[in-house]
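Coordinate analysis (summary)
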Protein chains: 2
Amino acid sequence: MTNWIRFRDAEGRIGFGTLDQHATRVLQYDGNIFDRPKPTNHSLPVKEVTLLAPCEPTKVIALWNNYYALSQKLDKAPPQHPLFLIKPPMSVIGPGADIRRPKSYQGKIAYEGELGIVIGKTCSNATPEEAEAAIFGYTCVNDVTAVELLQEDPNFAQWCRSKGFDTFSCLGPSIVTGFDWRRANVVTKVDGVERQNYPLDDMIFTPAQQVAMISADMTLVPGDVIMCGTSIGVGSIKDGASVDVSIDGIGTLTNRLAI
Amino acid sequence: MTNWIRFRDAEGRIGFGTLDQHATRVLQYDGNIFDRPKPTNHSLPVKEVTLLAPCEPTKVIALWNNYYALSQKLDKAPPQHPLFLIKPPMSVIGPGADIRRPKSYQGKIAYEGELGIVIGKTCSNATPEEAEAAIFGYTCVNDVTAVELLQEDPNFAQWCRSKGFDTFSCLGPSIVTGFDWRRANVVTKVDGVERQNYPLDDMIFTPAQQVAMISADMTLVPGDVIMCGTSIGVGSIKDGASVDVSIDGIGTLTNRLAI
């Protein structure tokens, strides 16, 4: 398992690299994180950098109804194909960055702690094996929603609008390669109080199945992110509250809803 | 009115420029089309270049139910806010490029002739005046849909999936600045037979209203495209058929559904 981070250093330069085993230093790399990145001789303390979202997706694909526990609770049949919406690139923020309440919206804002798949290879109509090989690694996700907009219009569920606001796709803190998702849980805390704790092996479509099936719908490219959907325990974030999404082996993604 | 095109020349180089009044030569520009592009001394015959999609959106925002005639036909109330889905960057193709049937899909594929707004300035929470100023120009759109996927799952309308396939966002042939959309019609022909002919002034949300309201939902950046929605006359494209979307003053966008 390797933890990859992207960061801005004290001089404002953007870089990327791997964390050492204590997660206190980052070994900087050059080139393209997805295509034979080259280690440099330079390392620096993690404390001295600002973490950024660990990748820059051209699109974020967010799944709905992908856990058996939640599909049972909602009394919805498991889908035959991943059900998804698309979130725009400008919705992405990294660890520690603030979620911003839309100026035009005073309603409830919800967190959803999730596993995120980071694509490492261009793929289209991938077989399950090709799909597995196209997964670079995994990250933590908070898929934020302006919930009162979703059903505001009786004729059209506004998934892209309610989830597409700037800062509503929180990603990080790192991308972990070689991660065994079947053994981990997603734990979401709001101001330190646990709200979600669900096993990833309750997923309806596994990550490789998601990549294979979605790659039949559109070409996936390096850096694209699939948010695997959430399970039970979704709730709202009060203005000023902090949300932690933790996955053992990946780390904790913390974002506050700015006052 | 100026017509901007993007193209690939005989040597494979990508460039952009303006058409002369006969639309037979392109005057090449350097730099950024949206930020003080510089004319060169170089011009070349349009015949000798391959036209590309006139811009490279980070996201394509496609409206549903934005014409009074279609909302009446569907018996749906006009919305209070633009209803939209997001199409990914890889769905974009230019004039003359083939629409490709997804390998995994044998059902009906529909055309929708539309006006496209091309954003020229970054904007967020824009006033109507700022929104108007953020519009670089307009282009023709064919917003293609794999219609049988849309309602395949009873619990989730699959807008992003059915409209997000590679090649399903046809744009072009040019971007026209200073275009008076209120005086024009969208005319869609399939293999030369007229199927749509509707006036743009039947729009529910005007282009400036769309940009202002959508910019409250997400930051729009130069090159982003808003597809203004379609009106009556949507239908299916047989494999091998050609679709022309024409708007007086912009030109004709032609794309064939590849056999």
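Here, residues in each chain are numbered from 1, in the same order as that chain's written sequence. The naming scheme follows written order: chains are lettered A onward, ligands numbered 1 onward. Only residues with pLDDT of at least 70 are given local features in this predicted model, and only at 80 or more are side-chain atom pairs given and counted; all residues enter the totals for whole chains, interfaces and linings. Side-chain calculation: all heavy atoms of the structure are included, whereas hydrogens and water are not.

**Some details on the interface of chain A and chain B**
As a reminder of what qualifies: Any two residues whose heavy atoms approach within 4.5 Å are treated as being in contact. Note on definitions: buried area is the accessible-area loss of two parts on being combined, 1.4 Å probe, summed for both. Salt bridge, as applied in this entry: a Lys or Arg side-chain nitrogen positioned within 4 Å of an Asp or Glu carboxyl oxygen. Pairs of N or O atoms within 3.5 Å make up the polar contacts considered here, provided that, within protein, one atom can donate a hydrogen while the other can accept it, and that residues adjacent in sequence are counted only when both atoms are side-chain atoms. Only DSSP runs of H or I covering at least 4 residues are called helices, and only runs of E covering at least 2 are called strands; the numbering of each starts at the N terminus. As a working rule, the residues Ala, Val, Leu, Ile, Met, Phe, Trp, Tyr, Cys and Pro are called nonpolar, Asp, Glu, Lys and Arg charged, and the rest polar, with Gly in that last group.
Taken together, the contact between chain A and chain B spans 33 residues of the former and 33 residues of the latter. A buried area of about 3,000 Å², summed over both sides, lies between chain A and chain B, and 64% of it is on carbon and sulfur atoms. Of all residues in chain A, Asn155(A), Phe156(A) and Arg161(A) bury the most surface against chain B, accounting for 21% of the area lost on that side. On the surface where chain A and chain B come into contact, there are two salt bridges. Applying the counting criterion to the chain A and chain B interface returns six residue pairs in polar contact (both at pLDDT 80 or more). Elements supplying a minimum of two residues to the side of chain A that touches chain B: strand S7 (83-87) and helix H4 (159-163) of chain A. Among the elements that make up the side of chain A that touches chain B, the one with the highest residue count is S7(A) (four residues). Taken together, the residues of the side of chain A that touches chain B sort by class into 18 nonpolar, eight polar and seven charged.

**Remarks on the sheet that holds strand S14 (residues 185-190) of chain B**
Residues and elements named next belong to chain B. Convention followed: At least two bridges found by DSSP between two strands are what make those strands a pair. Geometry is summarised by axes, namely lines fitted to C-alpha atoms with helices restricted to the contacting stretch, and by angles between N-to-C directions that run from 0 to 180 degrees.
In spatial order, the strands read S15-S14-S18-S19; together these four strands make up an open sheet with antiparallel pairing. The open sheet terminates on both sides in strands that have one partner only, identified here as strand S15 (193-199) and strand S19 (251-256). Looking at each pair of strands side by side, their axes are set apart by 15 degrees on average, direction ignored. Bridge count for strand S18 (residues 242-247) against S19 is six bridges, and the pairing is antiparallel. By the bridge assignment, Ser 246 is partnered in S19 with Thr 252.

**Points about the packing of aromatic side chains**
Centre-to-centre distance and the angle between the planes together describe a pair of aromatic rings. Residues and elements named next belong to chain A. Heads up, the rule is: Centres within 6.5 Å are what make two rings of Phe, Tyr or Trp a pair, Trp counting through its six-membered ring; a difference in plane orientation under 30 degrees is then read as stacked, over 60 as edge-to-face, and the rest as tilted.
Under the defined criterion, the tally for this structure stands at 20 aromatic pairs over all chains. On the basis of an interplanar angle of 35 degrees and a centroid distance of 6.1 Å, the ring pair of Trp 4 and Phe 16 is categorised as tilted. One end of the pair, Trp 4, is in strand S1 (residues 2-8); the other, Phe 16, is in strand S2 (residues 14-19), with twelve residues separating them in the sequence. These aromatic residues form a ring-pair network of at least three members: Trp 4, Phe 16, Tyr 29, Phe 34 and Phe 136.

**Some points on the side chain of Asn255(A)**
All names here are of chain A. What counts is decided by this rule: Buried, partly exposed and exposed residues are distinguished by accessible area as a fraction of the type maximum, computed with a 1.4 Å probe on protein chains only: under 20%, between the cut-offs, and over 50%, respectively.
Its location among the elements puts Asn 255 in strand S19 (residues 251-256). Given the relative accessible area of 1%, Asn 255 is considered buried. Side-chain polar atoms of Asn 255 contact the backbone oxygen of Ala 97, separated by 2.9 Å. In contact with Asn 255, other than residues within four places in its own chain, are Ile 93, Gly 94, Pro 95, Gly 96, Ala 97, Ile 99, Cys 170, Ala 241, Ser 242 and Val 243.

**A word on the pairing of strand S4 (residues 35-45) of chain A**
All names here are of chain A. When strand S3 (residues 25-32) meets S4, the two strands line up antiparallel, connected through six bridges. Each bridged residue has a counterpart across the sheet, and for Tyr 29 the counterpart in S4 is Pro 39. Linking two consecutive strands that pair antiparallel, namely S3 and S4, is a turn of two residues.

**Quick notes on the sheet that holds strand S15 (residues 193-199) of chain A**
All names here are of chain A. Taken in spatial order, the four strands of this open sheet run S15-S14-S18-S19, and their pairing is antiparallel. Strand pairing shows two members of the sheet lacking a second neighbour, S15 and S19, which therefore form its edges. The average angle at which neighbouring strand axes cross in this sheet is 15 degrees, direction not considered. Direction of pairing for strand S14 (residues 185-190) relative to S15: antiparallel, over a ladder of six bridges. If you follow Asn 185 over to S15, its bridge partner there is Pro 199.

**Notes on unusual backbone geometry**
Glycine aside, negative phi is the norm for most residues, and most peptide bonds take the trans geometry. Cis geometry marks the peptide bond from Gly172(A) to Pro173(A), where omega comes out at 0 degrees. Relative to the helices and strands, Pro173(A) is located in strand S13 (residues 169-177). Positive phi outside glycine occurs at Asn125(A), with the angle close to 50 degrees. Within the fold, Asn125(A) resides in the loop between strand S10 (113-119) and helix H2 (128-134). Given the relative accessible area of 30%, Asn125(A) is considered partly exposed. One non-glycine residue with positive phi stands out, namely Thr167(B), at about 80 degrees. With respect to the element layout, Thr167(B) can be found in the loop between helix H4 (159-163) and strand S13 (169-177).

**Remarks on the layout of surface pockets**
Definition in use: A pocket, in this scheme, is an open set of points on a 1 Å grid over the protein atoms alone with protein on both sides within 12 Å along at least 5 of 7 lines, while a cavity is a set where a 1.4 Å probe fits but cannot get out; residues line either one if an atom lies within 4 Å of a point. Grid points are joined across faces, edges and corners, and a volume is the space filled by probe spheres set on the points.
Of the voids in this model, the largest pocket is the one considered here, and its volume is about 750 Å³. Along its surface, the largest pocket is lined by 36 residues, and Trp64(B), Leu74(B), Leu150(B), Gln151(B) and Trp159(B) are the ones closest to its centre. Elements with a contribution of two residues or more to the lining of the largest pocket: strand S6 (60-64), helix H1 (68-74), helix H3 (147-150), H4 and strand S17 (235-236) of chain B. Taken together, the residues of the lining of the largest pocket break down into 18 nonpolar, eleven polar and seven charged. Here the second largest pocket defines a volume of roughly 420 Å³. Lining the second largest pocket are 22 residues, with Trp64(A), Leu70(A), Leu74(A), Glu112(A) and Val234(A) sitting closest to its centre. Elements represented by at least two residues in the lining of the second largest pocket include exactly strand S6 (60-64), helix H1 (68-74), helix H3 (147-150) and H4 of chain A. Its residues assigned to classes, the lining of the second largest pocket comprises twelve nonpolar, five polar and five charged.

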